[in-house]
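Listed here are the chains, written in short residue letters.
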Amino acid sequence: MAETIRDLIGYGANPPDPQWPGGARLALNLVLNFEEGSEYSIDDGDGFTETALTEGASQTAPLKGRDLAGESMFEYGSRVGFWRVHRIFRERGLPLTVFGCALALERNPPAAAAIRAAGWDVCCHGWRWIKHFELSEEEEREHIRRAVASLRQTVGERPIGWYCRYSPSVNTRRLLVEEGGFLYDSDAYNDDLPYWTRVSGRPHLVVPYTLSNNDAKFGRGVFGTGEDFFTYLRDAFDVLYAEGATSPKMMSVGLHQRLVGHPARAAGLMRFLDHVGRHAGVWVCRRADIARHWAAVHPAPAGA
């Protein structure tokens with residue numbers, strides 16, 4: 001099927017002018033992953049406690065039974081980290097996209113209400129923070145259905161975007177089109193601009209995400225300090241901003257509230273946002289804004 005065929009060429013040497021609003025040189029979208037409460041857990045019948053992207057992720061002797069330390073590290077993200085990131089963005093008047101796992105938001109009504117009040121968009125991050133590529137087609141179809149119904153209730157509107165944990169299955173994109181209502185997915189890391197693909201005979205938009213500009217590298221030991229995070233993001237921003245004088249692009253930044261929500265790491269995020277604020281011609285926006293802009297200004301070509 002077309003959605004699983006690799007495209008190694010893309011836009012090549014001549015990417016389109018995205019025509020960002022106001023003639024911006026760069027569209028910058030920051031994403032907060034809200035996963036806490038939807039991860040693998042013994043309480044939810046999974047047989048183990050998830051510790052990925054926590055301080056304990058690299059432990060070599062996992063506990064038998066419930067890992068209460070691992071659960072607690074996840075809880076920091078929803079109890080404290082979310083509110084720290086919320087304050088940082090609200091103080092600066094900046095928009096944010098939430099990659100929201102539906103069950104996690106169900107279990108945290110105060111955070112869901114704060115997301116609604118802030119006007120942040122929610123891109124569906126699945127029913128739970130699990131590996132979609134391990135689900136059967138029927139299981140994945142049901143997870144998508146449940147996630148959409150849940151987010152309608154918790155944040156007041158259905159999601160128009162989708163992003164799996166790490167990787168989709170070979171069925172995901174087709175199932176999203178089958179479900180209907182999704183303008184885009186972000187299950188790709190292969191470009192600095194959105195692009196159209198064709199799924200089940202219909203055009204479907206891809207707004208690529210990033211594991212490069214992503215605080216997940218703290219959980220893998222790549223970043224050690226907030227300064228590491230700031231320096232990496234600053235350098236990516238500076239290169240794209242310079243290129244934007246003649247060839248504007250988009251930049252995504254991935255955040256996790258149980259990682260960047262800790263004070264030392266939040267310091268790097270704040271430095272980056274303040275660095276961005278010293279530059280004119282940057283469209284700091286929600287992911288839904290990018291998708292809708294692209295669909296309006298660069299509609300799907302015939303046959304795509």
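Quick look at the structure, then.

What counts and what doesn't
Residues numbered from 1 in each chain as written. Predicted model: local features only at pLDDT ≥ 70, side-chain atom pairs only at ≥ 80, totals over all residues. Heavy atoms only, no water. Pairing = 2+ DSSP bridges. Helix = DSSP H or I, 4+ residues; strand = E, 2+ residues; numbered from the N terminus. Phe/Tyr/Trp six-rings, centres within 6.5 Å; stacked < 30°, edge-to-face > 60°. Buried < 20%, exposed > 50% of the residue type's maximum accessible area, 1.4 Å probe, protein only. Salt bridge = Lys/Arg side-chain N within 4 Å of Asp/Glu carboxyl O.

1. Considering the pairing of strand S7 (residues 202-206)
Link 1 in the chain: Sheet analysis places strand S5 (residues 184-185) next to S7, joined by two bridges and oriented parallel. The residue bridging Asp-185 from the neighbouring strand is Val-206, located in S7.
Link 2 in the chain: The pairing of strand S6 (residues 195-199) with S7 spans five bridges and is classified as antiparallel. Paired with Arg-198 across the strands is Pro-203, a residue of S7.
Link 3 in the chain: Connecting S6 to the antiparallel partner S7 that follows it, the hairpin turn spans two residues, and Ser-200 within it adopts a positive phi of roughly 50 degrees.

2. Thoughts on the packing of aromatic side chains
Link 1 in the chain: Under the counting rule described, the total for this entry stands at 18 aromatic pairs.
Link 2 in the chain: Pairing Phe-82 with Trp-83 gives two aromatic rings, centres 4.8 Å apart and planes at 85 degrees, and the pair type is edge-to-face.
Link 3 in the chain: Residue class for Phe-82 comes out buried when judged on its relative accessible area of 0%.
Link 4 in the chain: Residue class for Trp-83 comes out partly exposed when judged on its relative accessible area of 33%.
Link 5 in the chain: When the centroid spacing of 5.4 Å and the interplanar angle of 65 degrees are considered together, the rings of Phe-218 and Phe-223 count as edge-to-face.
Link 6 in the chain: Judged by relative accessible area, Phe-223 falls into the buried class, the value being 7%.

3. Notes on the environment of Asp-43
Link 1 in the chain: Along the chain, Asp-43 turns up in the loop between strand S1 (26-34) and helix H1 (68-92).
Link 2 in the chain: Judged by its relative accessible area of 58%, Asp-43 falls in the exposed class.
Link 3 in the chain: Considered as a pair, Asp-43 and Arg-66 are 23 residues apart in the sequence and their alpha carbons are 8.3 Å apart.

4. Describing the pattern of salt bridges
Link 1 in the chain: Throughout the structure, instances matching the rule amount to 20 salt bridges.
Link 2 in the chain: Of the charged contacts, one joins Glu-71 and Arg-66 as a salt bridge, the two residues approaching to 2.8 Å between their closest N and O atoms.
Link 3 in the chain: For Glu-71, a relative accessible area of 12% translates into the label buried.
Link 4 in the chain: In this structure Arg-66 comes out as partly exposed when scored by relative accessible area, which is 38%.
Link 5 in the chain: Residue Glu-178 pairs with Arg-141 through a salt bridge whose shortest N-O separation is 2.5 Å. Of this pair, Glu-178 sits in helix H5 (residues 172-179) while Arg-141 sits in helix H4 (residues 137-155), and the two are 37 residues apart along the sequence.
Link 6 in the chain: On the basis of relative accessible area, Arg-141 is assigned to the partly exposed category, the value being 23%.
Link 7 in the chain: Here the residues in one salt-bridge network are Glu-137, Glu-138, Arg-141, Arg-174 and Glu-178, joined through shared partners.

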